[in-house]
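# What the coordinates show
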There are 4 protein chains.
Amino acid sequence: FSTPACGGGPSVMEDLLARVVAPLPTYETRDKAPPPPELNSLEFMNFYKSLEKEDKLNLLSKLSQDFGVDHKGASELAVKLLDTQLRDLATILQVEDRLRYSLVPRYRQLLSHISRVEGGVKFLVDLRSDLLEIISSKVCDTAQLRDLNGTLRSLLSEWFSVGLLKLERITWESPCDILQKISQYEAVHPVRNWTDLKRRVGPYRRCYAFTHAAMPGEPLVVLHVALTEEISNNIQGIVREFATLDAEEDANKINAAVFYSISSTQAGLQGVELGNYLIKRVVRELQSEFPHMSQFSSLSPIPGFASWLQGLLSQWRKEGRGLELLSEQEWRTLEEATDCTPGTGAIDALRKLIGTNEWTRSERLSLLLEPVLMRLCAWYLYGEKRRGYALNPVANFHLQNGAVMWRLNWNADTSPRGVANSCGIMVNYRYFLNETSQNSALYLQNKLCM
Amino acid sequence: FSTPACGGGPSVMEDLLARVVAPLPTYETRDKAPPPPELNSLEFMNFYKSLEKEDKLNLLSKLSQDFGVDHKGASELAVKLLDTQLRDLATILQVEDRLRYSLVPRYRQLLSHISRVEGGVKFLVDLRSDLLEIISSKVCDTAQLRDLNGTLRSLLSEWFSVGLLKLERITWESPCDILQKISQYEAVHPVRNWTDLKRRVGPYRRCYAFTHAAMPGEPLVVLHVALTEEISNNIQGIVREFATLDAEEDANKINAAVFYSISSTQAGLQGVELGNYLIKRVVRELQSEFPHMSQFSSLSPIPGFASWLQGLLSQWRKEGRGLELLSEQEWRTLEEATDCTPGTGAIDALRKLIGTNEWTRSERLSLLLEPVLMRLCAWYLYGEKRRGYALNPVANFHLQNGAVMWRLNWNADTSPRGVANSCGIMVNYRYFLNETSQNSALYLQNKLCM
Amino acid sequence: FSTPACGGGPSVMEDLLARVVAPLPTYETRDKAPPPPELNSLEFMNFYKSLEKEDKLNLLSKLSQDFGVDHKGASELAVKLLDTQLRDLATILQVEDRLRYSLVPRYRQLLSHISRVEGGVKFLVDLRSDLLEIISSKVCDTAQLRDLNGTLRSLLSEWFSVGLLKLERITWESPCDILQKISQYEAVHPVRNWTDLKRRVGPYRRCYAFTHAAMPGEPLVVLHVALTEEISNNIQGIVREFATLDAEEDANKINAAVFYSISSTQAGLQGVELGNYLIKRVVRELQSEFPHMSQFSSLSPIPGFASWLQGLLSQWRKEGRGLELLSEQEWRTLEEATDCTPGTGAIDALRKLIGTNEWTRSERLSLLLEPVLMRLCAWYLYGEKRRGYALNPVANFHLQNGAVMWRLNWNADTSPRGVANSCGIMVNYRYFLNETSQNSALYLQNKLCM
Amino acid sequence: FSTPACGGGPSVMEDLLARVVAPLPTYETRDKAPPPPELNSLEFMNFYKSLEKEDKLNLLSKLSQDFGVDHKGASELAVKLLDTQLRDLATILQVEDRLRYSLVPRYRQLLSHISRVEGGVKFLVDLRSDLLEIISSKVCDTAQLRDLNGTLRSLLSEWFSVGLLKLERITWESPCDILQKISQYEAVHPVRNWTDLKRRVGPYRRCYAFTHAAMPGEPLVVLHVALTEEISNNIQGIVREFATLDAEEDANKINAAVFYSISSTQAGLQGVELGNYLIKRVVRELQSEFPHMSQFSSLSPIPGFASWLQGLLSQWRKEGRGLELLSEQEWRTLEEATDCTPGTGAIDALRKLIGTNEWTRSERLSLLLEPVLMRLCAWYLYGEKRRGYALNPVANFHLQNGAVMWRLNWNADTSPRGVANSCGIMVNYRYFLNETSQNSALYLQNKLCM
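Calculation criteria
- Residues numbered from 1 in each chain as written.
- Chains lettered and ligands numbered in written order.
- Predicted model: local features only at pLDDT ≥ 70, side-chain atom pairs only at ≥ 80, totals over all residues.
- Heavy atoms only, no water.
- Helix = DSSP H or I, 4+ residues; strand = E, 2+ residues; numbered from the N terminus.
- Buried < 20%, exposed > 50% of the residue type's maximum accessible area, 1.4 Å probe, protein only.
- Areas by Shrake-Rupley, 256 points an atom, 1.4 Å probe, with all protein chains shown as cover.
- Least-squares fit on C-alpha atoms with pLDDT ≥ 70 in both.
- Contact = heavy atoms within 4.5 Å.
- Buried area = accessible area lost by both parts, 1.4 Å probe.
- Salt bridge = Lys/Arg side-chain N within 4 Å of Asp/Glu carboxyl O.
- Polar contact = N/O pair within 3.5 Å; in protein donor to acceptor, adjacent residues only side chain to side chain.
- Nonpolar A, V, L, I, M, F, W, Y, C, P; charged D, E, K, R; others polar.
- Phe/Tyr/Trp six-rings, centres within 6.5 Å; stacked < 30°, edge-to-face > 60°.
- Lys NZ or Arg CZ within 6 Å of the ring centre and 35° of its normal.
- Expected span 1.5 Å × (residues − 1).
- Core = buried A, V, L, I, M, F, W, Y, C linked by side-chain atoms within 4.5 Å.
- Domains from an automatic or database assignment.
- Pairing = 2+ DSSP bridges.
- Axes fitted to C-alpha atoms, helices over the stretch in contact; angles between N-to-C directions.
- Parallel < 35°, antiparallel > 145°, perpendicular 65-115°, else oblique.
- Left-handed = near helix turned anticlockwise from the far one by under 90°.
- pLDDT = per-residue confidence, 0-100.
- Disulfide = S-S within 2.5 Å.

What follows deals with the overall build of chain A. Of the regular secondary structure elements, chain A holds 19 helices and nine strands. Principal axes of the C-alpha set define a box for chain A whose edges measure 80 × 60 × 60 Å. Per-residue burial for chain A yields a buried fraction of 52% across its 450 residues. Accessible surface, chain A: about 20,200 Å² in total, of which carbon and sulfur atoms supply 51%.

What follows concerns the relation of the copies chain B and chain D. Once chain B is rotated about the relating axis by 179° and shifted along it by 0.0 Å, it coincides with chain D to within an RMSD of 0.1 Å. Within this description, the copies of the chain are treated as partners about a two-fold rotation axis. The share of interface residues of chain B whose copies in chain D are also at the interface is 100%, consistent with both copies meeting through the same surface.

This part takes up the interface of chain B and chain D. Counting residues at the interface gives ten residues for chain B, matched by ten residues for chain D. For the pair chain B and chain D, the summed buried surface comes to about 890 Å²; carbon and sulfur atoms form 59% of the total. Interface area lost by chain B to chain D is led by Trp172, Cys176 and Trp194 of chain B, which between them contribute 52%. Connecting chain B to chain D are zero salt bridges. On inspection of chain B and its partner chain D, the count reaches ten residue pairs in polar contact (both at pLDDT 80 or more). Taken together, the elements giving at least two residues each to the side of chain B that touches chain D come down to α9 (176–185) and α10 (194–200) of chain B. It is α9 of chain B that contributes the most residues to the side of chain B that touches chain D, four residues altogether. Partitioning the side of chain B that touches chain D into residue classes produces five nonpolar, two polar and three charged.

Here we take up the packing of aromatic side chains. One pair of aromatic rings is described through two measures. These are the centre distance and the angle between the planes. With the rule as written, the count across this model stands at 50 aromatic pairs over all chains. For the pair Phe305 of chain C and Tyr380 of chain C, a centre-to-centre distance of 5.7 Å together with 45° between the ring planes defines the contact as tilted. One end of the pair, Phe305 of chain C, is in helix α13 (residues 305–319); the other, Tyr380 of chain C, is in helix α16 (residues 363–383), with 75 residues separating them in the sequence. We note Arg30 of chain A situated over the ring of Tyr27 of chain A; from NZ or CZ to the ring centre the distance is 3.8 Å. The ring centre of Trp406 of chain C lies 4.9 Å from the NZ or CZ of Arg430 of chain C, which sits over that ring.

All names here are of chain D. End to end, helix α7 (residues 120–137) covers 26 Å across 18 residues, agreeing with the expected 26 Å (1.5 Å per residue, within 8%). Among all positions in α7, only Gly120, Val121, Phe123, Leu124, Val125, Leu127, Arg128, Leu131, Leu132, Ile134 and Ile135 are buried. Positive phi appears at Lys138, one or two residues downstream of α7, with a value of about 60°.

Turning next to the interface of chain A and chain B. Taken residue by residue, the interface counts 53 residues in chain A and 53 residues in chain B. Surface buried jointly by chain A and chain B totals about 4,700 Å² across both partners, of which 58% is contributed by carbon and sulfur atoms. Applying the counting rule to chain A against chain B returns four salt bridges. For Glu158 of chain A, the salt bridge identified is with Arg108 of chain B, shortest N-O distance 3.5 Å. One can count ten residue pairs in polar contact (both at pLDDT 80 or more) joining chain A with chain B. The set of elements that each furnish at least two residues to the side of chain A that touches chain B consists of α4 (71–83), α5 (89–102), α6 (106–114), α8 (143–159), α12 (275–289), α17 (393–400) and α19 (436–446) of chain A. In terms of residue count, α8 of chain A provides more of the side of chain A that touches chain B than any other element does, eight residues in total.

The next point concerns the nonpolar core. It is characteristic of soluble globular proteins that their nonpolar side chains tend to be buried jointly. Counting residues in each nonpolar core, the largest one holds 216 residues, and the members touching the most others are Phe44, Phe160 and Leu286 of chain C together with Phe44, Phe160 and Leu286 of chain D. Membership of the second largest hydrophobic core comes to 215 residues, among which are Ala346 and Ala403 of chain A together with Cys140 and Val283 of chain B.

We now examine the environment of Glu289 of chain A. Residues and elements named next belong to chain A. You can see Glu289 is positioned in helix α12. Taking the C-alpha atoms as reference points, Glu289 and Gln400, separated by 111 residues in sequence, lie 26 Å from one another. The contacts of Glu289, once residues within four sequence positions are left out, are Arg206 and Tyr208. A polar atom in the side chain of Glu289 sits 2.7 Å from the side chain of Arg206.

For the rest of this paragraph, the subject is the side chain of Ser298 of chain A. Residue and element names in this part refer to chain A. Structurally, Ser298 is set in strand β5 (residues 295–298). With a relative accessible area of 0%, Ser298 lands in the buried category. In this structure the side chain of Ser298 is engaged in a polar contact, spanning 2.7 Å, whose partner is the side chain of Ser300. Not counting the four nearest positions on each side in its chain, Ser298 is found in contact with Val258, Phe259, His398, Val427, Asn428 and Tyr429.

A few words now on the pattern of salt bridges. Applying the stated criterion to the full structure yields 84 salt bridges over all chains. A salt bridge links Arg199 of chain D to Asp196 of chain D, with the nearest nitrogen and oxygen atoms 3.7 Å apart. Of the two residues, Arg199 of chain D and Asp196 of chain D both sit in helix α10 (residues 194–200), three residues apart, roughly one turn of that helix. Residue classification places Arg199 of chain D among the buried positions, given a relative accessible area of 7%. Residue classification places Asp196 of chain D among the buried positions, given a relative accessible area of 1%. A single network of salt bridges, built from pairs that share partners, joins Arg192, Asp196, Arg199 and Arg200 of chain A.

Along α6 of chain A, seven of the nine residues are buried, which leaves the element largely enclosed by surrounding structure. Within the sequence span of α6 of chain A, burial applies to Tyr107, Gln109, Leu110, Leu111, Ser112, His113 and Ile114 of chain A.

At Asn411 of chain A, a position not held by glycine, the phi torsion is positive, near 55°. Residue classification places Asn411 of chain A among the partly exposed positions, given a relative accessible area of 39%. With a phi angle near 65°, Tyr204 of chain D is a residue other than glycine that sits in the positive phi range. Turning to its location among the elements, Tyr204 of chain D is positioned in the loop between α10 and β2 (205–212).

Residues and elements named next belong to chain A. Domain parsing of chain A yields domain 1 (4–69 + 104–159), domain 2 (163–298) and domain 3 (305–446). Here the C-alpha centroids of domain 1 and domain 2 sit 35 Å apart. Taken together, the contacts link twelve residues of domain 1 with twelve residues of domain 2. On the domain 1 side of the contact with domain 2, Lys122, Val125 and Trp159 bury the most area, a combined 40% of that side's loss.

Another point: the pairing of strand β9 (residues 426–430) of chain D. All names here are of chain D. The element β9 is largely enclosed, with a buried count of five among its five residues. What you see with β9 is no split at all: Met426, Asn428 and Arg430 on one side and Val427 and Tyr429 on the other are buried throughout. Pairing of strand β8 (residues 404–409) with β9 involves five bridges; the strand directions are antiparallel. Considered in β9, the bridge of Arg407 is made with Asn428.

Residue and element names in this part refer to chain A. Remark: α6 packs on α8, axes separated minimally by 11 Å, with the N-to-C direction vectors making an angle of 40°. By the angle class used here, α6 and α8 are oblique. With respect to the hand of their crossing, α6 and α8 are arranged in right-handed fashion. Between α6 and α8, the contacting residues are Tyr107, Arg108, Leu111 and Ser112 on the first element and Gln144, Asp147, Leu148, Thr151, Leu152, Leu155 and Trp159 on the second. Considered class by class, the residues forming the contact of α6 with α8 number six nonpolar, three polar and two charged.

This next bit is on the environment of Asn396 of chain D. Mapped onto the fold, Asn396 of chain D is located in helix α17 (residues 393–400). Spatially, the C-alpha atom of Asn396 of chain D lies 37 Å from that of Leu51 of chain D, the residues being 345 residues apart in sequence. Once you skip the residues sitting within four places of it in the chain, Asn396 of chain D turns out to touch Lys32 of chain C together with Tyr389, Ala390 and Tyr443 of chain D. Only 2.6 Å separates the side chain of Asn396 of chain D from the side chain of Tyr443 of chain D, close enough to count as a polar contact.

Another point: the confidence of the model for chain A. All names here are of chain A. Averaged over all residues, the pLDDT of chain A equals 88, while 95% of them reach at least 70. When the elements of chain A are averaged for pLDDT, α19 gives the smallest value, 79, and strand β9 (residues 426–430) the largest, 97. Here residues 1–8 is a poorly scored stretch, pLDDT under 50, and it has 16 contacts once near neighbours within four places are set aside; other chains count.

Moving on: the state of the cysteines. Residues and elements named next belong to chain B. Scanning the model with the defined rule gives zero disulfides over all chains in all. Distance from the sulfur of Cys377, which forms no disulfide, to the nearest cysteine sulfur (Cys423) is 7.8 Å. Among the residues examined, Cys377 registers a relative accessible area of 0% and is labelled buried.

Have a look at this one:
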């Protein structure tokens, strides 16, 4: 119902923006200026929320175009800065400060004021989520929208600074609305029902979340941990095999903490580092609960491996390569099993085989494929880079955090999804706490992972 | 014990800074760069806390000088910005963004990381308190220290944004450590003992504070309110006359809310607006508790009036002016009372009289002085400006908030302090909520108060 | 595995009882005697919990037989009481007190000490639940077991006195384990899933429970309320028709509170009045939330009506009565519809018809049956008594509470259960708060309901 | 203002009682009878609270006399019980139950209903406090008032059963109103000011209290503990020597827990065992906080020792005994110091000396007196009995709890009060947890303390 009446109309929108986006105070009065009336922020928020998707795009475009940096002012100060280069330091510093202030977009002030209103921070997180969708959909990717996004991101980074976050342990005694959200947000290994959920917060499990004072009742990033005797090599034992719900934990049986799922819940907080901090906070928490625990590791999926593999095989086929993947004996086995002709046909057969999950039901095929898939997967994780970083996003996340790739696990996720995504392979990234800083620095500088 | 060994020594300090103040990531990697190890922040904090005052000064000087903006890089980008003025907008925006990034001082990153550590935000608030003391003491006022201060202030402004603050009502059921702090922080009308304190949070009183998740148990700004039948014209009835502690509030007797004390507790949050927001939050809170309440007013001291008056009289004496202050009859009364000679001597006698509080004990003198002191006080508050704003800081605070000067009150603070500071006069600044925005804007633009 | 080894063996049991059920102190030392060691209570609790059903019965029998009142001592004091009848009052009072003490069963002290141990009160509630099952199953109904039951009930009545109960409102923000219990305990209109549950604690609904400090996390009695424009005449609109979960309550649309379900959760608290108090506490709670609300009513099922009706018709058939139930015209309609012969056959047909729920699908039959079933139901509720009280237990509960029967509702519960139990009829018992005391007293004295 | 109008008048009082103290239901309807309207309880409570002391006495007298047991009914049932002695057990049990019911005073029901009203339990605790005062003042000690007291006490014992109490640790973060009460209730070593109070809940100290759901914010019994390296031999080091308030506890320095003060706060709960349970709960709490702690001991005053000693000396003087108390050499020293004549005069001098605290300032006298006073004190504590129990009430309390007398300490309480009460001597009663049950039983049976 995007009629002009409801607010989408250009003149209504322009009027509103002109009214609520106050001009920046002059440099001289910047510390004295009173905040604009709270009503301005509320009016903007209500107007925006009432808009249809398309009109939101229009509004954000207009905001970013007409209420950004005063380019003329900035360039004048740039001239001035150059003129003062030979002057004393105090003068230079002052011009720099003026220049810095001139580079503040006018809308930054609106965003800042909105954050002060009840529900304002959550509003901005959601607005940025819309903005990211617009930018990534390339419907209307302008330089100005990216600038708006950058401004928002840096504001959110300050507000969601770790010092302002609260670690909460989620249990079956936590409020139901929180648990329902935990269930909905779980993207890695979907929660099937409330019994399943109860198990994930029950004995031998821990579930932690960061929350923020400005968004009460809203877990921002959620980490699921299994407490095990040794580092798990498959996910079935964690999320599918039913342990009794009422078992009491025996601390003597707990030697390892396995992070088997980490989910960010707010699209609008993309690029604001939370997961890394959560993992490290949780490690400290667990160390104080279990002083003798020394093994901390993820059990991570490898999204994209299967489709990367299909691409590779397809290219090899074109290039007539790939026969060295298997021994002659193995090719023959494959030919028999798939009823195909040798040579190019066999590569095709291999592709087709991997494309389904039927091979998982044949022990012979499974044994045949294990060494080759494990080898290729190791290469995918170690060797495939994008701009120097690991191509696989999960690998990149953990390596940036300073974890090390520790073990590939065959038959680790036998769910249809697991087989389709990564031929059932999962990987452990291990956290040696006193080495993560160094690992992380090395990874980012040398773009090498250990 | 500021020996080199304990850390003050230049080389130890320089080593430390070089180690913990990481270089800024390049513009390209600024979003990817991992945070430096938390240990860096902790090391800096512990080192700083162990220092003597003088060495703190050294450290902050060095930090602000050697780890600030890369001036060369900034000027190069200024050149580049000028070169791109005729290019497309996207290019301009990008150079602006690079320039903006180049103007970020290197130490900003350290401050940001410290805020993420437990106790880090409180540490920075205290560090800024030291910094402000150094700057205002002019021991070492450099442009760089002011820049460091500006950076800290803008970071603190984001972290102490109102959306992140929590309003708490303080009662006799609040934790004892909070109440003890409330008592210590009360600067306007000192709390004498626990019974006095109990009354200030008891019936017909309200005490509110803002707290912040990163500084638990620490009230940041405290507002004391008296609930009265009409707007109070003196402070004695509020803080000195003992009402029974156990009286039950009768809502029918409550028509006005009188803000009789507001105190900021953290020197390091100077310039971060909190008091203004607290008053307005409290007005909303009270309106929801007492829907029919419509009178909101401060009962404020007028610090500086008496000493301003002494200066004025001293100058008038020199200039031979001031005789019009009183009628002939009144001068004669004064001469009699003070046993002085007419003319200049009388002005002297007046000065001397005001310099003590003896006149308060004489009804005749008191009656004599009331009209003249009230007139002069009105002029002091309305007419005396500094850079266009009210000279009196309390007046400036309330007028900036959008309140209006409403009534001067004679015999309003008969304590020795009250008489010494402002001849016992107090003033009500009244808050008409739907006019504060406009008033505030007018005050700041026209520098006129209504 | 009720082997002697595990504790069931007679000698083990007897040994245990002899050890843990301390003899009563003498009358003289009754106030000085120290409590027996807590270990005794724990030992008894662990032993009892380890027993199979049958052995529990043995244990309770033995406890009630061998550790009850000292009959000889009591009769001696009865003699003494008669001897003192002509003595002074003080003497009489003292003998009465000794006699009273002599009538305390020895096991009462054990029960009292168990209540002091952590988890002890819950243990006794569960033990009484076992005891009631034994008594009602008549496996072993002895006078002593009934005495034990009476002792337990009177102790529980003191511990679950309303002054010690806490009213809690259950919402979607309540702990998940509580909500799961609320869902499981709902006996009247079963909760189908979590969405259903969320609605029952959502807008236009209230859910309250009593909890007790000695049984944390355990709702004892649960009341579900619908907030409506007028007193509901059917349950479908409350528990089956989906209102949007996110609707905001409009207080202007709320005129009535309809109690549509009340469930006791602890079998062992039978006879300890909780429901009555809960309803009245909730009425007060709602009155303070909605000061203008004036209509409070239950919407109650009528369990037993259909089977009572079958019995009645069966008897009438034998006695050749019942033809006046319908008019001739109506009988004919019925005969047509059911294809039966007139006379006795028609009564049979009527019985058969009511025995199924097919008639609910025929508008004609439904119309035909409505007046007669409503009339009979009214008679069932008003006229059928057991020992002077309403035969129907739900009616008896509300009438004892002082409510009045207000309206019978046709087609009020169209679920299969509702039709099978009460031909789909439900009844409103209305609470006029300032009349309940009098109504209750009248009902109980005159055994008349208004 | 005890005028008849205000309620004290006999007819008003009688009317009220007749109205609010409902007759007991008959035995047959005792489980069915609805509670009387809550208004009855409220009316009684308000009436009682409005009365002057004297009228309270009248009311309680009347209540206990006119609304007690139906003596005639009781004696008839006593006859019946004797008649059934040869009948079957079920019949006997039933008559016993009827007899038991007939011995319930009519007012018990009123008390029970009052406990259900908000504030009712606290009301009854206070009413019993009045009642105890009346009884002990012997103004009006009747058998009936003692009966009323017994009934109240047994009801309160059930409601304040330990299973219903909550252990709370009091710290400087506890609500101010609680801390104020803790301060006021401290009877053993009075709290001087808030700094003193802060130390008593600070490092190396613990303060625990039992609270009850029906009396929120009201500590019922308070235990102060000092955590020390070894069992303290004086109180000065605990309550008078100022340790720094901000010291951090070093768990390695904590080997002993010294209970240096225990206070009951509710006179109306006399005879309801709380202190014993609190000490034992706290021991368990401390054991879980400091697993290696093994020494638990009181540091207790010895009230009454000095006055007992004066009595003893006075008697000895009359009987011409007591010369063996000191050696000749010691007598001479005493004679010199006090300037008295030998013989009877010396005993007089000794009495006089002990009657002041001057000897504490003379090292010589102090050394002289130490052995004799310590010896006499040991005798006082061990040997002086009242009805077989320790005469000293503090000793009796700890010995009943199962503690053992462990050490007498000279110069243990040098405050004027300490010297006046017990010549500065204090005693440690030590708790060996696994022996307290047995000790307690032995003490009570053999009336022997170990």
